[in-house]
Amino acid sequence: MDAQPNSPEARDIRYHLHAYTNARKHQETGPLVIEKGDGIYVEDAAGNRYIEAMAGLWSVAVGFSEPRLVEAAARQMAKLPFYHSFSSRSHSPLIDLAEKLVLMAPVPMSKAFFTNSGSEANDTAIKMIWYRSNALGQPQRKKIIARKRGYHGVTIAAASLTGLPSNQTSFDLPIANVLHTASPHYWREALPGESEEQFSTRLAGELEQLILAEGPETVAAFFGEPVMGAGGVVVPPAGYWEKIQAVLAKYDILLVADEVICGFGRTGAMFGCQTYGIKPDIIVMSKQISSSYLPISALLINDRVFEPIADESNRIGTFGHGFTGGGHPVAAAVALENLNLIEERDLVGNARRVGAHMQERLRRLAVHPLVGEVRGVGLIAAIELVADKAAKAPWGSVGALGGLVNGLLQDNGVITRNMGDALAFCPPLIITEKQVDLLMQAVEQALDAAAKQVAK
Ligand code: PMP
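Thresholds applied
- Residues numbered from 1 in each chain as written.
- Predicted model: local features only at pLDDT ≥ 70, side-chain atom pairs only at ≥ 80, totals over all residues.
- Buried ≥ 20, exposed ≤ 12 C-beta atoms within 10 Å, placed from the backbone.
- Helix = DSSP H or I, 4+ residues; strand = E, 2+ residues; numbered from the N terminus.
- Pairing = 2+ DSSP bridges.
- Domains from an automatic or database assignment.
- Contact = placed C-beta atoms within 7 Å.
- Axes fitted to C-alpha atoms, helices over the stretch in contact; angles between N-to-C directions.
- Parallel < 35°, antiparallel > 145°, perpendicular 65-115°, else oblique.
- Left-handed = near helix turned anticlockwise from the far one by under 90°.
- Nonpolar A, V, L, I, M, F, W, Y, C, P; charged D, E, K, R; others polar.
- Near = placed C-beta within 6 Å.
- Core = buried A, V, L, I, M, F, W, Y, C linked by C-beta atoms within 7 Å.
- Expected span 1.5 Å × (residues − 1).
- Arc of directions from axis to C-beta.

**Examining the pairing of strand S12 (residues 380-385)**
So, point 1. The buried fraction of S12 amounts to six of the six residues, a majority that puts the element mostly inside the structure.
So, point 2. Here strand S11 (residues 371-377) runs beside S12; their pairing, made up of six bridges, is antiparallel. Within S12, the position partnered with Val 374 by the bridge is Ile 383.
So, point 3. Sheet analysis places S12 next to strand S15 (residues 422-425), joined by four bridges and oriented antiparallel. Within S15, the position partnered with Ala 381 by the bridge is Phe 425.

**Quick look at the domain arrangement of the chain**
So, point 1. For the chain, the assigned domains are domain 1 (32-62 + 346-455) and domain 2 (68-344).
So, point 2. Each of domain 1 and domain 2 has a C-alpha centre, and these two points are 27 Å apart.
So, point 3. Taken together, the contact between domain 1 and domain 2 spans 27 residues of the former and 24 residues of the latter.
So, point 4. Contributions of two or more residues to the side of domain 1 that touches domain 2 are made by helix H3 (55-58), helix H14 (347-364), S11, S12 and S15.

**A few points about the sheet that holds strand S2 (residues 41-44)**
So, point 1. Pairing is mixed in the open sheet, where four strands are placed in the order S1-S2-S3-S13. Looking at the sheet topology across the chains shown, the edges are occupied by strand S1 (34-38) and strand S13 (414-415).

**Looking at the packing of helix H4 (residues 67-79) against helix H13 (residues 329-344)**
So, point 1. With their axes 8 Å apart at the nearest point, H4 and H13 run at an angle of 150 degrees to one another. By the criterion of interaxial angle, the relationship of H4 to H13 is roughly antiparallel. Considering how the two elements wind past one another, H4 and H13 form a crossing that is right-handed. Together, Arg 68, Leu 69, Ala 72, Ala 73, Arg 75, Gln 76 and Met 77 of H4 and Pro 329, Val 330, Ala 333, Val 334, Glu 337, Asn 338 and Leu 341 of H13 make up the contact between the two elements.
So, point 2. When the residues that make up the contact of H4 with H13 are grouped by side-chain class, the tally is nine nonpolar, two polar and three charged.

**Description of the site of the ligand**
So, point 1. Around the ligand lies a shell of 15 residues, among which Ser 117, Gly 118, Ser 119, Gly 153 and Val 260 are the nearest.
So, point 2. When residues in the shell around the ligand are grouped by element, the largest group, three residues, is from helix H6 (residues 118-135).
So, point 3. Counted by class, the shell around the ligand contains five nonpolar, eight polar and two charged residues.

**Quick notes on the sheet that holds strand S14 (residues 417-419)**
So, point 1. In space, the four strands of this open sheet follow the order S11-S12-S15-S14, with antiparallel pairing throughout. Each end of this open sheet is capped by a strand with a single partner; those strands are S11 and S14. Taking each pair of neighbouring strands and ignoring which way they run, the sheet shows an average axis angle of 25 degrees.
So, point 2. The sheet contact formed by S14 and S15 spans three bridges and is antiparallel. Among the inter-strand pairings, Arg 417 is bridged to a residue of S15, identified as Ala 424.

**Remarks on the nonpolar core**
A general trend in soluble globular proteins is that nonpolar side chains are found buried together.
So, point 1. Counting 136 residues, the largest nonpolar core has Val 233, Val 256, Ile 282, Ala 298, Leu 299 and Leu 300 as its most contacted members.
So, point 2. There are two domains that each give this core at least three residues, and those are domain 1 (32-62 + 346-455) and domain 2 (68-344).

**A closer look at helix H9 (residues 196-214)**
So, point 1. A rise of 1.5 Å per residue sets the reference length of H9, with its 19 residues, at 27 Å; its end C-alpha atoms lie 27 Å apart and thus fit the reference within 8%.
So, point 2. For H9, the full list of buried residues reads Phe 199, Ser 200, Leu 203, Ala 204, Leu 207 and Ile 211. Taken down its axis, H9 places every buried residue within 135 degrees of arc, on the same side. Exposed positions of H9 whose direction lies more than 90 degrees from the buried face are Gly 205, Gln 209, Leu 212 and Ala 213.

**Some points on the environment of His 18**
So, point 1. Position of His 18 among the secondary structure elements: in the loop between helix H1 (8-15) and helix H2 (23-29).
So, point 2. Judged by the 11 C-beta atoms lying within 10 Å of it, His 18 falls in the exposed class.
So, point 3. For the pair His 18 and Met 358, spaced 340 residues apart in sequence, the C-alpha separation works out to 31 Å.
So, point 4. Residue contacts for His 18: discarding those within four places in its chain leaves Ala 23 and His 26.

**Notes on H4**
So, point 1. Relative to the 18 Å expected for 13 residues at 1.5 Å per residue, H4 spans 18 Å between its end C-alpha atoms, a close match to the ideal helical length.
So, point 2. If you check which residues of H4 are buried, you get Leu 69, Ala 72 and Gln 76. With its buried residues spanning 60 degrees around the axis, H4 presents them on a single face. Along H4, the residues that are exposed and aim more than 90 degrees away from the buried face are Pro 67, Ala 74, Arg 75 and Ala 78.

**Looking at the pairing of strand S10 (residues 297-301)**
So, point 1. With five of five residues buried, S10 is to be regarded as a mostly interior element.
So, point 2. Residues of S10 alternate between two faces, with Ser 297, Leu 299 and Ile 301 on one and Ala 298 and Leu 300 on the opposite face, all of them buried.
So, point 3. As paired elements, strand S4 (residues 111-115) and S10 share five bridges and run antiparallel to each other. Looking at the pairing, Phe 114 lines up with Ala 298 of S10.

**Remarks on the packing of helix H15 (residues 400-411) against helix H16 (residues 433-455)**
So, point 1. The geometry of H15 relative to H16 is characterised by a closest axis approach of 9 Å and an angle of 130 degrees between their N-to-C directions. Looking at the two axes, H15 sits oblique to H16. For the pair H15 and H16, the sense of crossing is right-handed. Note on element contacts: H16 touches H15 through Ala 442, Val 443, Ala 446, Leu 447, Ala 449, Ala 450 and Gln 453, opposite Leu 401, Leu 404, Val 405, Leu 408 and Leu 409.
So, point 2. For the contact of H15 with H16, the class distribution of residues is 11 nonpolar, one polar and no charged.

What follows is the structure in structure tokens.
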């Protein structure tokens, strides 16, 4: 990288350790510095515009620089810039948001609890589940089952749930009591000739075997994203959630739906749970709750979870858990306005309609020599890049082709994200069909350019 000594790029290299970045390589390549955004676009310091085809981090539902959210933040900042929820204190934005979330939940829920990030929310869910087991006089019921390729965050417990090697290797994770079962990645992991239904039946059987081997009385909860995001946009195969839930119900195991990506419209319904008929006891939400304009996350819990927690807190004297910024008034005000916008502008309907168009356009790419599979639902999708379709084999090492196409797209004004060789698309929910067509044109060009390099 050839940057001036005091350019933002040079100072970034000098002073900043990046999230999810090869820190050594970054010293050579430097950052992409984004200066501003509007709608589905962001712009870098040199004035280059990009379609943000990942909505930032799967999160900017209403698009960048939405004035209504800016105004909501300013109003609340001027009125009450901070308050909290410890010791029975409360404030209007928090009460309004708690009510709104409980009433819009896809299944009957009892209470909302507020946190600042998806990771914190998942950590909180684990703590609530352990606390509940103790309250019920079942101190042995502490094991949590998550899935390989699942993503639930990076704090110590959430990273333990996450089923991806880079979140655990050299971090001395996972912690005790967290187990992983198979991921529902049909294209990658089904046996030859196995139908989606058969694959789902086998996975539910494997889950039951794991529960029996561990002792059903020791298993407290199962965590899953309706559609896996960071694990490569893994869409559940036919029958999957129905069969998994039947096993959980048989052994009285709680279900936690991590709706951090799917929640608030992404799959073409308000919640991923509705798209897949999931009936959770706890819902974890973040990202599109505020379009990530400010950090805020929440858990919804049903009475099976709330009632024992209430009893235990009464026995001990307090529910000894909470974050200074949890339910922050400015973040809560922004979340409320963001949810109003999602409803007013029917962004869930847009995700369904324009999502169908995006899925159709992406599926046309399936004939491309570098595309092994196209999968997705609503406005979330991935194409799986391969050098050899029949063998589903990568181009050299895993991620090389994903990185190449991702880089070509960035050079052509489109920001995507490759998770290995799965290239993900998760644009703002405001995207139009015309904008999807522009995005697809760029993807086709990048794939053709990559094919020339692969052929060399
Ligand atoms: N759960 C899911 C499904 C996520 O996608 C993410 C973030 N990508 C998280 C949890 C963690 O959220 P955060 O980065 O806010 O901690």
